[in-house]
Amino acid sequence: MPKDVAYGALVTLKNHRTGGAYLHSHFHLYPEGVGSKQQQVTTYAHKDENNFFVMKKWNEEPPNNTDIEAVIDLVKNGDLVRLEHFQSRRNIHSHNQPAPVSKRHFQVTGYGENGTGDANDVWRLEIVGGKEGEVLNTVTSKLKFHHYFVKCVLTCSTKNLPKWGFEQGEVSCNPTTRDPNSMWNVEDNHFSKLPNSSVHDLAPSFFSRFIESHKVMLQGNSGLKPKEGEMTSRPWEWPINLRGQWFSAGDDKTRIYLLGNPVIWWANIVFLIIFLFIYSYSSFKCQRGVSESPEITQERENTMVSASWLFLGWGLHYIPFWTMGRVLYVHHYYPALL
């Protein structure tokens, strides 16, 4: 895969947001009453032939890639470009119509026939942090697409379309050009006249991959939502065993209900209260300078240290769930209980 991106290259664009998806289009149109009835543009999380676009100059067709004598023209920071969907040959387009879900954004569609559209297909390419005239690189360059006339930026709103959009991600054009979700990078770059680069030139550092992998896990975890009819619970309900969890047994008639043993659950609360009382009482005696035999003092300290470590483990496995906005179940309390 070439390191530099040239006009005429077949590329995929992935949203730079952690866990972001690919810019995507397909032959289905927006339904009646949803902006202009033009071709849908979405984001799609998986590799697909409908993710490919041809990078073109705004006012001319790129040279034939098979022509040996054709001049290779590289894409640079500040260029005016068109993005032509490879399968449908329609251009990425925006206009003054509200987006399907994010009504404060503008709609993004696929428009034109055989690569020919209108002035609303023109975008100004910006390499984030790049110098004027800097060449666009595969994977490593972060880029934005500013609509030349509407003055908005191509973005992934993080919201999903309804079923008519196959519940894929919404793509819109945000008038707020500082939108953090408006950054993209070239994931695939096919251009036969440029030499392939080494994987090591495109690979991020270990530290970057480490940070990104943890961001993906945290983002995916926080985005989990309950399914329809699913029984969830909140952290305050777990210690008192107030609500369990339904499990399906493989058919519609049989269901399994998970509930903690009341004796163990409520005994755990009693022991926690006893520990807090004894710990407070011991601290009070130390503060008052109450004299005791060295053997009793040593035994109490050993007991308090051991119990404190157990209490700390319970707290570390339980208290963080109070800060989480994701869907929660009673089984999340099991590590703390144990």
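Everything discussed here concerns the structure shown above.
Note that this is a predicted model, so its numbers are computed, not measured.

**Student:** Explain the packing of helix 3 (residues 262–288) against helix 4 (residues 294–318) to me, please; I cannot follow it from the model alone.
**Tutor:** A pair of packed helices can be characterised by two numbers: the angle between their axes and the separation between those axes. Where helix 3 contacts helix 4, the two axes come as close as 11 Å, and the packing angle between them is 135 degrees. As far as their axial angle goes, helix 4 and helix 3 are oblique. Taken as a pair, helix 3 and helix 4 cross one another with a handedness that is left-handed. Judged by residue contacts, N268, L272, F275, L276, I278, Y279, S282, K285 and C286 of helix 3 engage R300, M304, A307, S308, F311 and W314 from helix 4. Tallied by class, residues from the contact of helix 3 with helix 4 come to 10 nonpolar, 3 polar and 2 charged.

**Student:** Any chance you could explain the state of the cysteines here in plain terms?
**Tutor:** Two cysteines form a disulfide when their sulfur atoms are joined by a covalent bond. For the structure on display, the rule yields 1 disulfide. The closest cysteine sulfur to the non-disulfide-bonded C156 is located on C173, 13 Å from its own sulfur.

**Student:** I would appreciate a short explanation of helix 3 in the present structure.
**Tutor:** Side chains of residues three or four places apart in an α-helix project in the same direction, reflecting 3.6 residues per turn. For helix 3, spanning 27 residues, the distance from its first C-alpha to its last is 39 Å, which sits close to the expected 39 Å at 1.5 Å a residue. Among all positions of helix 3, only W265, N268, L272, F275, S282 and K285 are buried. The inward-facing, buried residues of helix 3 abut helix 4 and helix 5 (334–337). Its side-chain oxygen at 3.0 Å from the backbone nitrogen of V263, N261 defines the N-terminal cap of helix 3. Backbone geometry just downstream of helix 3 places G289 in the positive-phi region, at approximately 70 degrees.

**Student:** Got a minute to help me understand the environment of F311 in this structure?
**Tutor:** Following the sequence through the fold, F311 ends up in helix 4. Considered as a pair, F311 and L276 are 35 residues apart in the sequence and their alpha carbons are 9.3 Å apart. Contact partners of F311, with chain neighbours within four places excluded, come to L272, F275 and L276.

**Student:** Just to check I follow, could you spell out the packing of aromatic side chains for this structure?
**Tutor:** Any pair of aromatic rings gets described here by the distance separating the centres and the angle formed by the planes. All chains considered together, the criterion is met by 13 aromatic pairs. Ring pairs connect the aromatic residues W238, W265, F275, Y279, F311, W314, Y318, F321, W322, Y333 and Y334, which therefore count as one cluster. K151 extends its terminal NZ or CZ atom over the ring of Y148, reaching a point 5.2 Å from the ring centre.

**Student:** Explain the layout of surface pockets to me, please; I cannot follow it from the model alone.
**Tutor:** Take a probe with the size of a water molecule and roll it over the atoms, and the empty space left behind shows itself. Put simply, the second largest pocket is a space of about 390 Å³. For the second largest pocket, the lining is made up of 18 residues, of which N268, L272, A307, L310 and F311 are closest to its centre. Elements with a contribution of two residues or more to the lining of the second largest pocket: helix 3, helix 4 and helix 5. With 8 residues, the top contributor of residues to the lining of the second largest pocket is helix 4. Looking at the lining of the second largest pocket residue by residue, the classes come out as 14 nonpolar, 4 polar and no charged.

**Student:** Can you help me understand the nonpolar core in this one?
**Tutor:** One recurring pattern in soluble globular proteins: nonpolar side chains tend to sit buried together. Counting residues in hydrophobic clusters, the biggest one holds 35 residues, and the most contacted among them are L23, I92, L136, F145 and L154. The element that contributes the greatest number of residues to this core is strand 8 (residues 123–127), accounting for 3 residues. L154 has contacts with L23, I92, V108, W123, F145, V171, S172, C173, S182 and W184, leaving out every residue within four places of it along the chain. The next biggest cluster of nonpolar side chains, apart from the first, holds 11 residues, and it includes L272, Y318, L328 and A336.

**Student:** Got a minute to help me understand the pattern of salt bridges in this structure?
**Tutor:** Enumeration over the complete set of coordinates arrives at 9 salt bridges. In this structure, E237 engages R243 in a salt bridge whose closest nitrogen and oxygen atoms are separated by 3.9 Å.

**Student:** I keep staring at the environment of V330 and nothing clicks. Help me out?
**Tutor:** With respect to the helices and strands, the residue V330 is situated in the loop between helix 4 and helix 5. Overall, the relative accessible area of 4% leaves V330 in the buried class. Put simply, V330 and Q245 are 85 residues apart on the chain and 6.6 Å apart in space, counted from C-alpha to C-alpha. For V330, the contacting residues outside a window of four places in its chain are S233, W238, R243, G244, Q245 and L258.

**Student:** Is there a simple way to explain the pairing of strand 7 (residues 106–111) in this structure?
**Tutor:** Put simply, side chains in a regular strand alternate between the two faces of the sheet. Where burial is concerned, most of strand 7 is hidden: 5 out of the 6 residues are buried. Taken together, the 2 bridges between strand 3 (residues 39–44) and strand 7 define a ladder with antiparallel strand orientation. Considered in strand 7, the bridge of Q39 is made with G110. Where strand 6 (residues 91–98) lies against strand 7, 5 bridges are found, and the strand directions are antiparallel.

**Student:** What's the story with helix 4 in this structure? I'm lost.
**Tutor:** In this model, helix 4 (25 residues) spans 36 Å end to end at C-alpha, consistent with the 36 Å of a helix rising 1.5 Å per residue. What helix 4 keeps buried is the set R300, M304, W314, G315 and Y318. Where helix 4 is buried, its residues contact helix 3 and helix 5.

Reading the values: rules and limits
Residues numbered from 1 in each chain as written. Predicted model: local features only at pLDDT ≥ 70, side-chain atom pairs only at ≥ 80, totals over all residues. Heavy atoms only, no water. Axes fitted to C-alpha atoms, helices over the stretch in contact; angles between N-to-C directions. Helix = DSSP H or I, 4+ residues; strand = E, 2+ residues; numbered from the N terminus. Parallel < 35°, antiparallel > 145°, perpendicular 65-115°, else oblique. Left-handed = near helix turned anticlockwise from the far one by under 90°. Contact = heavy atoms within 4.5 Å. Nonpolar A, V, L, I, M, F, W, Y, C, P; charged D, E, K, R; others polar. Disulfide = S-S within 2.5 Å. Expected span 1.5 Å × (residues − 1). Buried < 20%, exposed > 50% of the residue type's maximum accessible area, 1.4 Å probe, protein only. Polar contact = N/O pair within 3.5 Å; in protein donor to acceptor, adjacent residues only side chain to side chain. Phe/Tyr/Trp six-rings, centres within 6.5 Å; stacked < 30°, edge-to-face > 60°. Lys NZ or Arg CZ within 6 Å of the ring centre and 35° of its normal. 1 Å grid on protein atoms, 1.4 Å probe; cavity = no way out; pocket = protein on both sides within 12 Å on 5 of 7 lines; lining within 4 Å. Points joined across faces, edges and corners; volume = space filled by probe spheres on them. Core = buried A, V, L, I, M, F, W, Y, C linked by side-chain atoms within 4.5 Å. Salt bridge = Lys/Arg side-chain N within 4 Å of Asp/Glu carboxyl O. Pairing = 2+ DSSP bridges.

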